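Chain residues, written in single-letter form:
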Amino acid sequence: GGPGSNTPGRIHYFGVSLKMLLARAHGMRAHQISGPNWIETERYDIDAKYPADTQPEEFRLMLQNLLADRFRLVLHRETRQMGRYRLVVAKDGPKLSPPRKLPEYKDDDERIAAMKANMEARRRRPYSGASRGFGEASATMTKLAQDLAGQLDRPVTDDTGLEGWYSFQLEWSPDESGTDPGETSLPSIFVAVQQQLGLKLEPEKGPVEFLVIDGGEKTPVAN
(Lines give C-alpha, C1' and ligand atoms only; values in the text may rest on other atoms or scores of the structure.)
Protein backbone atom coordinates (compact mmCIF):
# COMPACT_ATOMS: atom_id res chain seq x y z
CA GLY A 1 0.00 0.00 0.00
CA GLY A 2 0.86 3.69 0.00
CA PRO A 3 1.05 6.37 -2.72
CA GLY A 4 1.72 4.91 -6.14
CA SER A 5 0.45 1.43 -5.21
CA ASN A 6 -2.69 -0.30 -6.43
CA THR A 7 -4.37 0.47 -3.09
CA PRO A 8 -4.03 4.26 -2.67
CA GLY A 9 -5.60 5.47 0.54
CA ARG A 10 -4.77 2.39 2.57
CA ILE A 11 -1.77 0.51 3.93
CA HIS A 12 -1.71 -3.01 5.28
CA TYR A 13 1.63 -4.20 6.58
CA PHE A 14 1.70 -7.76 7.92
CA GLY A 15 4.51 -9.23 10.03
CA VAL A 16 6.95 -6.35 9.52
CA SER A 17 9.64 -5.08 11.87
CA LEU A 18 9.78 -1.56 13.26
CA LYS A 19 13.11 -1.17 11.46
CA MET A 20 11.42 -1.86 8.12
CA LEU A 21 8.65 0.59 8.94
CA LEU A 22 11.10 3.30 9.95
CA ALA A 23 13.05 2.79 6.73
CA ARG A 24 9.84 3.32 4.74
CA ALA A 25 8.77 6.30 6.83
CA HIS A 26 12.10 8.14 6.65
CA GLY A 27 13.12 7.19 3.12
CA MET A 28 16.23 5.33 4.30
CA ARG A 29 17.75 1.89 3.85
CA ALA A 30 17.59 -0.54 6.77
CA HIS A 31 21.35 -0.33 7.34
CA GLN A 32 20.98 3.40 8.09
CA ILE A 33 18.80 2.72 11.13
CA SER A 34 20.27 1.61 14.45
CA GLY A 35 18.74 0.93 17.85
CA PRO A 36 17.84 -1.88 20.24
CA ASN A 37 17.65 -5.41 18.81
CA TRP A 38 13.89 -5.63 19.15
CA ILE A 39 13.29 -3.07 16.39
CA GLU A 40 14.47 -5.79 14.00
CA THR A 41 13.26 -8.98 15.69
CA GLU A 42 9.71 -8.06 16.78
CA ARG A 43 6.94 -8.20 14.16
CA TYR A 44 3.85 -6.01 13.82
CA ASP A 45 0.72 -5.58 11.70
CA ILE A 46 -0.48 -2.15 10.60
CA ASP A 47 -3.78 -1.46 8.87
CA ALA A 48 -4.51 2.23 8.30
CA LYS A 49 -6.39 4.56 5.97
CA TYR A 50 -5.39 8.01 4.69
CA PRO A 51 -6.58 10.39 1.94
CA ALA A 52 -6.11 8.71 -1.44
CA ASP A 53 -4.57 11.85 -2.98
CA THR A 54 -1.80 12.06 -0.34
CA GLN A 55 1.61 12.76 -1.88
CA PRO A 56 4.59 10.50 -1.06
CA GLU A 57 6.34 13.08 1.14
CA GLU A 58 3.14 13.72 3.08
CA PHE A 59 2.58 9.99 3.46
CA ARG A 60 6.07 9.48 4.92
CA LEU A 61 5.44 12.26 7.44
CA MET A 62 2.13 10.65 8.44
CA LEU A 63 3.86 7.30 8.93
CA GLN A 64 6.66 8.94 10.94
CA ASN A 65 4.11 10.53 13.27
CA LEU A 66 2.15 7.29 13.62
CA LEU A 67 5.23 5.28 14.58
CA ALA A 68 6.57 7.95 16.96
CA ASP A 69 3.22 8.15 18.72
CA ARG A 70 2.42 4.43 18.96
CA PHE A 71 5.94 3.30 19.94
CA ARG A 72 6.79 6.36 22.07
CA LEU A 73 9.98 6.75 20.06
CA VAL A 74 12.91 8.92 21.06
CA LEU A 75 15.31 9.28 18.14
CA HIS A 76 17.88 11.51 16.54
CA ARG A 77 19.82 11.76 13.29
CA GLU A 78 23.59 11.71 12.99
CA THR A 79 26.17 11.55 10.21
CA ARG A 80 28.79 8.81 10.08
CA GLN A 81 31.63 8.06 7.71
CA MET A 82 31.19 4.72 5.94
CA GLY A 83 31.82 2.89 2.71
CA ARG A 84 29.52 3.66 -0.20
CA TYR A 85 29.55 3.53 -4.01
CA ARG A 86 29.43 5.94 -6.92
CA LEU A 87 27.59 4.76 -10.03
CA VAL A 88 29.47 6.06 -13.06
CA VAL A 89 29.63 5.33 -16.80
CA ALA A 90 32.22 2.68 -17.75
CA LYS A 91 34.92 3.52 -20.31
CA ASP A 92 33.10 1.82 -23.23
CA GLY A 93 29.87 3.72 -22.58
CA PRO A 94 26.44 2.74 -21.27
CA LYS A 95 24.51 -0.31 -22.50
CA LEU A 96 20.97 0.81 -21.76
CA SER A 97 17.77 0.49 -23.75
CA PRO A 98 14.92 2.99 -24.23
CA PRO A 99 12.04 2.69 -21.76
CA ARG A 100 9.40 0.11 -22.65
CA LYS A 101 5.79 -0.46 -21.74
CA LEU A 102 4.93 -3.34 -19.45
CA PRO A 103 2.96 -6.08 -21.21
CA GLU A 104 -0.80 -6.02 -20.81
CA TYR A 105 -2.63 -9.32 -20.45
CA LYS A 106 -6.28 -9.88 -21.30
CA ASP A 107 -6.79 -12.25 -18.37
CA ASP A 108 -5.02 -14.22 -15.63
CA ASP A 109 -4.52 -17.25 -17.89
CA GLU A 110 -2.51 -15.18 -20.35
CA ARG A 111 -0.46 -13.63 -17.53
CA ILE A 112 0.29 -17.04 -15.99
CA ALA A 113 1.28 -18.45 -19.38
CA ALA A 114 3.71 -15.56 -19.88
CA MET A 115 5.22 -16.16 -16.42
CA LYS A 116 5.71 -19.86 -17.21
CA ALA A 117 7.36 -18.98 -20.53
CA ASN A 118 9.77 -16.64 -18.74
CA MET A 119 10.62 -19.33 -16.18
CA GLU A 120 11.25 -21.84 -18.94
CA ALA A 121 13.51 -19.35 -20.74
CA ARG A 122 15.51 -18.90 -17.53
CA ARG A 123 15.94 -22.67 -17.20
CA ARG A 124 17.42 -22.79 -20.70
CA ARG A 125 20.08 -20.19 -19.92
CA PRO A 126 23.72 -21.28 -20.37
CA TYR A 127 24.49 -20.32 -16.76
CA SER A 128 24.83 -22.69 -13.84
CA GLY A 129 24.45 -22.03 -10.13
CA ALA A 130 22.34 -19.56 -8.17
CA SER A 131 21.53 -16.12 -9.47
CA ARG A 132 19.99 -12.85 -8.44
CA GLY A 133 18.63 -10.09 -10.58
CA PHE A 134 16.19 -7.29 -11.15
CA GLY A 135 14.98 -5.17 -14.01
CA GLU A 136 13.10 -1.98 -14.71
CA ALA A 137 10.86 -1.28 -17.70
CA SER A 138 11.15 2.49 -17.26
CA ALA A 139 13.41 4.06 -14.67
CA THR A 140 15.92 6.83 -14.11
CA MET A 141 19.54 6.32 -13.10
CA THR A 142 18.59 7.57 -9.65
CA LYS A 143 16.15 4.65 -9.37
CA LEU A 144 18.85 2.23 -10.56
CA ALA A 145 21.20 3.57 -7.88
CA GLN A 146 18.48 3.00 -5.28
CA ASP A 147 17.93 -0.57 -6.52
CA LEU A 148 21.65 -1.28 -6.30
CA ALA A 149 21.85 0.21 -2.80
CA GLY A 150 19.18 -2.25 -1.70
CA GLN A 151 21.26 -5.16 -3.00
CA LEU A 152 24.60 -3.93 -1.66
CA ASP A 153 23.40 -2.62 1.72
CA ARG A 154 25.47 0.48 1.06
CA PRO A 155 24.50 3.93 -0.26
CA VAL A 156 24.89 4.32 -4.03
CA THR A 157 24.92 7.78 -5.59
CA ASP A 158 24.12 8.39 -9.25
CA ASP A 159 27.15 10.10 -10.81
CA THR A 160 26.50 8.87 -14.36
CA GLY A 161 25.26 12.22 -15.65
CA LEU A 162 22.66 10.27 -17.67
CA GLU A 163 19.26 11.91 -17.72
CA GLY A 164 15.94 10.52 -18.85
CA TRP A 165 14.36 7.09 -18.59
CA TYR A 166 15.74 3.68 -19.52
CA SER A 167 14.93 -0.01 -19.37
CA PHE A 168 17.45 -2.59 -18.21
CA GLN A 169 17.89 -6.08 -16.84
CA LEU A 170 20.67 -7.08 -14.45
CA GLU A 171 21.60 -10.60 -13.34
CA TRP A 172 24.52 -11.74 -11.22
CA SER A 173 25.84 -14.47 -8.94
CA PRO A 174 25.17 -14.14 -5.18
CA ASP A 175 28.85 -15.04 -4.69
CA GLU A 176 30.25 -11.49 -4.72
CA SER A 177 33.85 -12.74 -4.77
CA GLY A 178 33.77 -13.74 -8.42
CA THR A 179 35.50 -11.24 -10.72
CA ASP A 180 36.56 -13.47 -13.63
CA PRO A 181 33.51 -15.55 -14.46
CA GLY A 182 33.71 -18.67 -16.59
CA GLU A 183 31.45 -19.42 -19.53
CA THR A 184 28.85 -21.23 -17.38
CA SER A 185 28.74 -18.96 -14.34
CA LEU A 186 27.38 -15.51 -13.71
CA PRO A 187 29.71 -12.72 -12.55
CA SER A 188 29.53 -10.79 -9.32
CA ILE A 189 27.18 -7.81 -9.18
CA PHE A 190 30.12 -5.44 -9.72
CA VAL A 191 31.23 -7.17 -12.92
CA ALA A 192 27.61 -7.60 -14.06
CA VAL A 193 26.92 -3.86 -13.77
CA GLN A 194 29.87 -3.17 -16.07
CA GLN A 195 29.29 -6.00 -18.55
CA GLN A 196 25.50 -5.80 -18.80
CA LEU A 197 24.81 -2.09 -18.25
CA GLY A 198 28.05 -0.39 -19.29
CA LEU A 199 28.25 1.27 -15.88
CA LYS A 200 30.62 0.94 -12.96
CA LEU A 201 30.42 0.93 -9.17
CA GLU A 202 33.33 2.83 -7.64
CA PRO A 203 33.89 2.40 -3.89
CA GLU A 204 34.49 5.42 -1.70
CA LYS A 205 34.03 6.60 1.86
CA GLY A 206 31.84 9.50 2.75
CA PRO A 207 29.20 10.92 5.11
CA VAL A 208 26.02 8.87 5.47
CA GLU A 209 23.01 9.94 7.51
CA PHE A 210 21.78 7.54 10.19
CA LEU A 211 18.60 7.40 12.23
CA VAL A 212 19.35 6.35 15.82
CA ILE A 213 16.59 5.02 18.08
CA ASP A 214 17.43 6.11 21.64
CA GLY A 215 14.31 4.67 23.24
CA GLY A 216 10.82 3.37 22.66
CA GLU A 217 8.15 0.89 23.76
CA LYS A 218 8.28 -2.63 22.34
CA THR A 219 4.51 -2.93 22.74
CA PRO A 220 2.78 -0.16 20.78
CA VAL A 221 -0.02 1.93 22.21
CA ALA A 222 -3.35 0.30 21.37
CA ASN A 223 -5.89 1.85 18.98
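Figured I'd write up the structure that's included with this text. (Residues numbered from 1 in each chain as written. Predicted model: local features only at pLDDT ≥ 70, side-chain atom pairs only at ≥ 80, totals over all residues. Heavy atoms only, no water.)

Assigned secondary structure in the protein chain consists of six helices and eight strands. The buried share of the protein chain, reckoned over its 223 residues, is 34%. Taking the contacts inside the protein chain whose residues are at least 6 apart along the sequence as the reference set, 78% of them involve residues at least 24 apart. A total accessible area of about 13,600 Å² is found for the protein chain, and carbon and sulfur atoms account for 48% of it. (Helix = DSSP H or I, 4+ residues; strand = E, 2+ residues; numbered from the N terminus. Buried < 20%, exposed > 50% of the residue type's maximum accessible area, 1.4 Å probe, protein only. Contact = heavy atoms within 4.5 Å. Areas by Shrake-Rupley, 256 points an atom, 1.4 Å probe, with all protein chains shown as cover.)

With respect to the helices and strands, the residue Ser173 is situated in the loop between strand E7 (166-172) and helix H6 (189-197). Classification of Ser173 by relative accessible area gives buried; the value is 13%.

What follows deals with unusual backbone geometry. The residue Arg72 is not glycine, and still its phi comes out positive at about 50°. Mapped onto the fold, Arg72 is located in the loop between helix H3 (56-70) and strand E4 (74-89). Here Arg72 falls in the partly exposed class, since its relative accessible area comes to 45%. One non-glycine residue, Asp153, adopts positive backbone phi at about 60°.

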